[in-house]
Amino acid sequence: MKLTPQTELLSLLRDGMSIMAGGFLGCGGPERLIDLVIESGTQHHTIICNDTAFVDKSVGRLIVSGCAEKVITSHIGTNPETGRLLHDGKLTVELVPQGTLIERIRAGGSGLGGVLTPTGIGTVVEEGKQKVTIEGKEYLLELPLRADLALIKGAICDTLGNVYYKATARNFNPIMALAADVVIVEADEIVAQGAIQPELVMTPCVLVDYILKEEAA
Amino acid sequence: MNIDTDAAKTIIARRVAKELKDGQLVNLGIGLPTLASNYLEPGVNVILQSENGVIFMGPEAEKGQEDPNLTNAGGIPVTILPGGAYFDSSLSFALIRGGHVDVTVLGTLEVDQEGNIANWIIPGKLVPGMGGAMDLLCGAKKVIVATTHTAKGRPKILKRCSLPLSAQKEVDLIITELAVMEVTDKGLVLREIHPDTTIEEVASLTEADLVIEGEVAKMPL
């Protein structure tokens with residue numbers, strides 16, 4: 001049974017983890033799982049996320065809590081706290097072009113040794129990276145990215161872990177669900193096994209290890 | 001001549017809109033570029049993509065009608081038009097890098113006469129990150145830069161960008177409140193100027209070398 005109460009999920013957390021979190025400027029961010037990480041009091045994490053959202057939203061709250069040592073992301077401009085911690089030397093920020101970030105995660109979750117992309121050629125992004133020329137065009141070899149833990153937010157999840165996302169809340173979520181050793185899903189609605197039409201399943205249950213169980217208020 | 005910032009933005013947005021053709025898949029950056037969608041020519045319908053995973057994006061959601069699951073790439077609640085689709089970020093950037101996006105319109109800090117652009121970082125001062133801009137610059141078939149001609153009186157259109165680049169030689173067209181300039185093999189060609197300015201005035205506010213090729217048209221306002 002994957003449905004697990006928050007108190008039991010706490011035991012999955014330890015210091016110094018790499019943690020992927022879905023969401024795009026907070027839309028589709030796993031708010032309750034973020035609470036879990038903060039409540040665990042664990043520290044020194046590497047957070048992998050599209051952006052660091054806002055100080056009071058989604059992964060932005062993780063940054064504010066001070067539990068991150070490093071963040072790998074495409075954008076930090078909407079969260080002044082990320083900039084401040086970076087400036088004070090308390091946080092390392094690795095900026096990655098958004099399309100490269102998602103493909104590195106996809107590669108990490110798909111058994112690929114990396115991806116070749118033209119994005120970043122002629123910029124500081126190419127520093128220290130291998131260049132490969134294919135049919136006369138230069139590409140950067142970008143390496144796969146994986147994590148210990150992925151925190152995924154779905155709209156609907158069945159008790160097996162099949163997930164359906166709504167609108168633009170999908171973003172990084174289904175790709176991150178491929179690329180971590182342990183995948184935890186939180187959803188607005190938990191339904192019975194088989195209640196999601198198979199064609200509408202966007203993250204197949206075989207990728208999901210735990211589903212956050214709502215505790216009675 | 002003196003144009004205040006709001007008037008400048010309107011002039012730029014209107015002129016950008018004239019570059020967009022019916023049926024094109026278009027990605028508009030946050031801010032000034034997004035304004036262009038308000039000024040499309042009659043009969044021109046473009047398909048707006050937002051890199052967070054939607055095509056046929058509609059206008060911003062009205063107050064009280066916001067859907068927390070549907071935003072644009074700036075996090076603003078928006079709507080979707082009939083025929084639209086949602087997808088994950090991998091597919092979204094496949095559309096972008098794969099040459100499926102016809103036009104992208106982006107703002108900038110600096111742009112130069114070779115089509116280089118710097119719009120993601122001012123080292124030591126402003127470090128927002130590149131987001132999807134580098135992929136859009138590399139992947140879109142046509143790159144239009146929409147920017148005020150100067151910033152605090154200093155030229156933004158340079159011989160050579162001084163800030164770290166976002167992309168190398170990817171810009172096709174630069175549209176400001178004073179001029180329309182095209183990046184070509186022969187250099188930065190001055191195509192149009194605002195009806196109330198002169199070539200000399202535009203040149204004095206531009207660090208880049210401007211190539212004059214035949215007649216320089218008046219910008220339609």
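Our structure is the block above this text.
Residues numbered from 1 in each chain as written. Chains lettered and ligands numbered in written order. Predicted model: local features only at pLDDT ≥ 70, side-chain atom pairs only at ≥ 80, totals over all residues.

(A) Molecular detail of the overall build of chain B. The number of helices and strands found in chain B is 5 helices and 16 strands. In terms of overall size, chain B behaves like a compact globule, its C-alpha atoms giving a radius of gyration of 17 Å where 221 residues would be expected to give roughly 17 Å. Here the C-alpha coordinates of chain B stretch approximately 50 × 40 × 30 Å along the principal axes. Residues counted as buried form 46% of the 221 residues belonging to chain B. Long-range pairs, those at least 24 residues apart, make up 63% of the contacts in chain B between residues at least 6 apart in sequence. (Helix = DSSP H or I, 4+ residues; strand = E, 2+ residues; numbered from the N terminus. Rg over C-alpha atoms; globule rule 2.2 N^0.38 Å. Buried ≥ 20, exposed ≤ 12 C-beta atoms within 10 Å, placed from the backbone. Contact = placed C-beta atoms within 7 Å.)

(B) Representation of the sheet that holds strand S7 (residues 131–134) of chain A within the structure. Residue and element names in this part refer to chain A. Taken together, the 3 strands give an open sheet; going across it, the order is S6-S8-S7, and neighbouring strands pair in antiparallel fashion. Of all strands in the sheet, those bounded by a partner on one side alone are strand S6 (115–117) and S7. Each strand of the sheet is rotated relative to its neighbour by a mean of 40 degrees, with strand direction disregarded. Contacts from helix H5 (residues 98–110) reach S6 and strand S8 (137–142) within the one sheet, and its direction differs from that of S6 by about 165 degrees. (Pairing = 2+ DSSP bridges. Axes fitted to C-alpha atoms, helices over the stretch in contact; angles between N-to-C directions.)

(C) Highlighting the interface of chain A and chain B. Taken together, the 38 residues of chain A in the interface contact 31 residues of chain B. Only helix H4 (80–87), H5 and helix H6 (173–176) of chain A provide two or more residues apiece to the side of chain A that touches chain B. No other element matches H5 of chain A, which puts 5 residues into the side of chain A that touches chain B. Counted by class, the side of chain A that touches chain B contains 18 nonpolar, 16 polar and 4 charged residues. (Nonpolar A, V, L, I, M, F, W, Y, C, P; charged D, E, K, R; others polar.)

(D) Here's a closer look at the environment of Gly-31 of chain B. Position of Gly-31 of chain B among the secondary structure elements: in the loop between strand S1 (25–28) and helix H2 (32–35). Along the primary structure Gly-31 of chain B and Gly-74 of chain B are separated by 43 residues, whereas in three dimensions their C-alpha atoms are 8.9 Å apart.

(E) Representation of helix H3 (residues 89–97) of chain B within the structure. Taken together, the buried positions of H3 of chain B are occupied by Ser-89, Ser-92, Phe-93, Leu-95, Ile-96 and Arg-97 of chain B. Structurally, H3 of chain B contributes buried residues whose contacts are with H5, S6 and H6 of chain A together with S1, strand S2 (47–50) and helix H4 (133–139) of chain B. Directly beyond the C-terminal end of H3 of chain B, a positive phi value near 80 degrees is found at Gly-99 of chain B.

(F) Expanded view of H5 of chain A. The end-to-end C-alpha separation of H5 of chain A is 18 Å, in line with the 18 Å expected for 13 residues at 1.5 Å each. Among the 13 residues that make up H5 of chain A, 12 are buried, leaving the element largely enclosed by the rest of the structure. Along H5 of chain A, the residues classified as buried are Gln-98, Gly-99, Thr-100, Leu-101, Ile-102, Glu-103, Arg-104, Ile-105, Arg-106, Ala-107, Gly-108 and Gly-109 of chain A. At its buried positions, H5 of chain A is contacted by strand S2 (18–21), S6, S8 and H6 of chain A together with H3 and H4 of chain B. (Expected span 1.5 Å × (residues − 1).)

(G) Quick peek at the sheet that holds strand S7 (residues 117–118) of chain B. All names here are of chain B. In spatial order, the strands read S7-S6-S11; together these 3 strands make up an open sheet with mixed pairing. Since the sheet does not close on itself, it has two edges, and those belong to S7 and strand S11 (157–158), each with one partner. Pairing analysis gives 2 bridges linking strand S6 (residues 110–112) to S7, with the strands arranged antiparallel. Bridged to Val-111 within S7 is Ile-117.

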